[in-house]
Amino acid sequence: MPVVEPFIKECIKQLSKQELEKLVLKAARKDKQFHDYLLVNYADKEYGEKDLFEQAKSDIALCATKSYKGFSRELRSAKYLAACNKRITEFSKVSRNKVLVLDLIMVVLEESISSSYASLGTCFTAYDYQISLLVKKAITLIEKKLHPDYRIEYVPRLNEWLTILHSASNHIDSIYAMPNSI
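Keep in mind the model is a prediction, meaning the values are calculated, not measured. Every residue gets a number counted from 1 within its own chain, in the order that chain's sequence is written. Totals for whole chains, interfaces and linings use every residue, but because this is a predicted model, local features are given only for residues with pLDDT of at least 70 and side-chain atom pairs only at 80 or more, for both listing and counting. Computation of side-chain values covers all heavy atoms of the structure but excludes hydrogens and water.

Asks: How should I be thinking about a nonpolar patch on the surface in this particular structure?
Replies: Taken together, the side chains of Val-4, Phe-7, Ile-8, Ile-12, Leu-15, Leu-20 and Leu-23 define a hydrophobic patch exposed on the protein surface, amounting to about 570 Å² of accessible area. Helix numbers and strand numbers start at the N terminus; a helix is a DSSP run of H or I with at least 4 residues, a strand a run of E with at least 2. Breaking the nonpolar patch down by element, the ones donating at least two residues are helix H1 (6–14) and helix H2 (17–30). Secondary-structure assignment places Leu-23 in helix H2. Look at Leu-23 and you get partly exposed, because its relative accessible area is 45%. Distance thresholds for patches are 9 Å for like charges and 5 Å for nonpolar side chains (Val, Leu, Ile, Met, Phe, Trp, Tyr), applied to residues having over 30% relative accessible area and no salt bridge. Note on areas: Shrake-Rupley, 1.4 Å probe, and residue coverage restricted to the protein chains presented here. Any carboxyl oxygen of Asp or Glu within 4 Å of a side-chain nitrogen of Lys or Arg constitutes a salt bridge here. For the exposure calls, accessible area comes from a 1.4 Å probe over protein chains only, and a residue counts as buried if that area is under 20% of its type's maximum, exposed if over 50%, partly exposed in between.

Structural data, given as C-alpha cells:
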C-alpha cells in the first residue's frame, strides 16, 4: 500500500467539499474494495456487512458452477478452492465481523471435503494444499480473532477435518505441520 506523502495530505485538507465528494465518488467507482468499505462503514452500517456476506456466498456458489482447466478432477477442484479463497480474502479485507469470514470458510470446506473426500491423498497435492490453507485460515481466526465462546460451535468440525487431512495427506509438509486438534 502506498504511503501518502505529507504534501498530499495538506492538499486534501485544502480541497472544498464538492471536490472531496468528486474524489471519493471517483475512488469508489474505480475500487470495489473501497466501495464496499464505504458501504459497510458509512452508507449502510446495519445491513451492509450482511449484504456483502450474502453476495460473497453467491459468488462462491457461482465459482462452483464454473469449469476450471486442469488435467484431473483434483486439479480443477484446487483451482476452484483457490478462487473461493481469493473471494474470502476480499470479503475479509472489508468485513470487521470475523464470524462471517469464518462462516464463508466453513461453507467452502463443508462442500469441498464432503463431496471430494476420495480426492485427498492422491498424487495431485494441489487440492490437499488448498484445503489445508482454508483449514489453517479457519484455525487462525478461531484462535486469534474470535471470542472463545465461538470455539464450541466450530472446533468439533475443524478437528474432524484435521483428522481427515492428517490421515490422508500427512506426507505434505504444510499438513504435517498443522496441529492434530485444536
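Asks: Would you mind going over the environment of Tyr-154 with me for this structure?
Replies: Mapped onto the elements of the fold, Tyr-154 is located in helix H8 (residues 151–169). Whether two residues are in contact is decided by their heavy atoms, any of which lying within 4.5 Å being enough. Setting aside residues no more than four positions away along its own chain, Tyr-154 makes contact with Val-99, Leu-102, Asp-103, Met-106 and Ile-142.

Asks: Could you clarify how one ought to interpret the nonpolar core in this entry?
Replies: Soluble, globular proteins show a tendency: their nonpolar side chains are buried together. For our purposes a nonpolar core is just a set of buried Ala, Val, Leu, Ile, Met, Phe, Trp, Tyr and Cys residues, chained together by side-chain atoms within 4.5 Å. One finds Ile-88, Phe-91, Leu-102, Ile-105, Leu-109, Ile-131 and Val-135 to be the most contacted residues of the largest nonpolar core, which totals 44 residues. Excluding residues within four positions of it along the chain, Leu-109 makes contact with Ser-114, Ile-131, Leu-134, Val-135 and Trp-161.

Asks: Is there a simple way to think about the packing of helix H3 (residues 32–43) against helix H4 (residues 48–65) in this case?
Replies: What describes two packed helices is the angle between their axes and the distance between those same axes. Orientation is described by axes fitted as lines to C-alpha atoms, over the contacting stretch for helices, and by angles from 0 to 180 degrees between their N-to-C directions. The interhelical angle for the contact between H3 and H4, taken along N-to-C directions, is 140°, at an axis separation of 7 Å. Of the possible angle classes, the one that applies to H3 and H4 is oblique. Note on element contacts: H4 touches H3 through Gly-48, Glu-49 and Leu-52, opposite Asp-36, Leu-39 and Val-40. In this scheme, roughly parallel covers angles under 35 degrees and roughly antiparallel covers those over 145, while 65 to 115 is roughly perpendicular and the rest are oblique.

Asks: So what exactly am I meant to see when it comes to the pattern of salt bridges here?
Replies: Two side chains that carry opposite charge are able to pair once their charged atoms sit near each other. Within the structure shown, the criterion is met by 6 salt bridges. When the shortest N-O distance is used, the salt bridge between Asp-59 and Arg-87 registers 2.8 Å. Taken together, the positions of Asp-59 in helix H4 and Arg-87 in helix H5 (residues 73–94) put the pair 28 residues apart, joining distant regions of the chain. As a salt-bridge pair, Glu-110 and Arg-157 come within 2.7 Å of each other at their nearest N and O atoms. Taken together, the positions of Glu-110 in helix H6 (residues 98–115) and Arg-157 in helix H8 put the pair 47 residues apart, joining distant regions of the chain. For Arg-157, a relative accessible area of 23% corresponds to the partly exposed category. Bridged by salt links that share partners, the residues Asp-59, Arg-87 and Glu-90 form one connected network.

Asks: Would you mind going over the side chain of Ser-174 with me for this structure?
Replies: Turning to its location among the elements, Ser-174 is positioned in helix H9 (residues 173–176). In this structure Ser-174 touches Tyr-129, Ser-132 and Lys-136, once residues within four positions along its chain are discounted.

Asks: Hey, could you run me through the side chain of Ser-72 in this one?
Replies: Relative to the helices and strands, Ser-72 is located in the loop between H4 and H5. Owing to a relative accessible area of 9%, Ser-72 belongs among the buried residues under this scheme. Throughout this description, a polar contact denotes any pair of N or O atoms lying within 3.5 Å of each other; where both atoms belong to protein, one of them has to be capable of donating a hydrogen while the other can accept it, and for residues adjacent in sequence the pair is counted only when both atoms sit in side chains. Reaching out from Ser-72, the side chain makes a polar contact with the side chain of Glu-74 at a distance of 3.3 Å.

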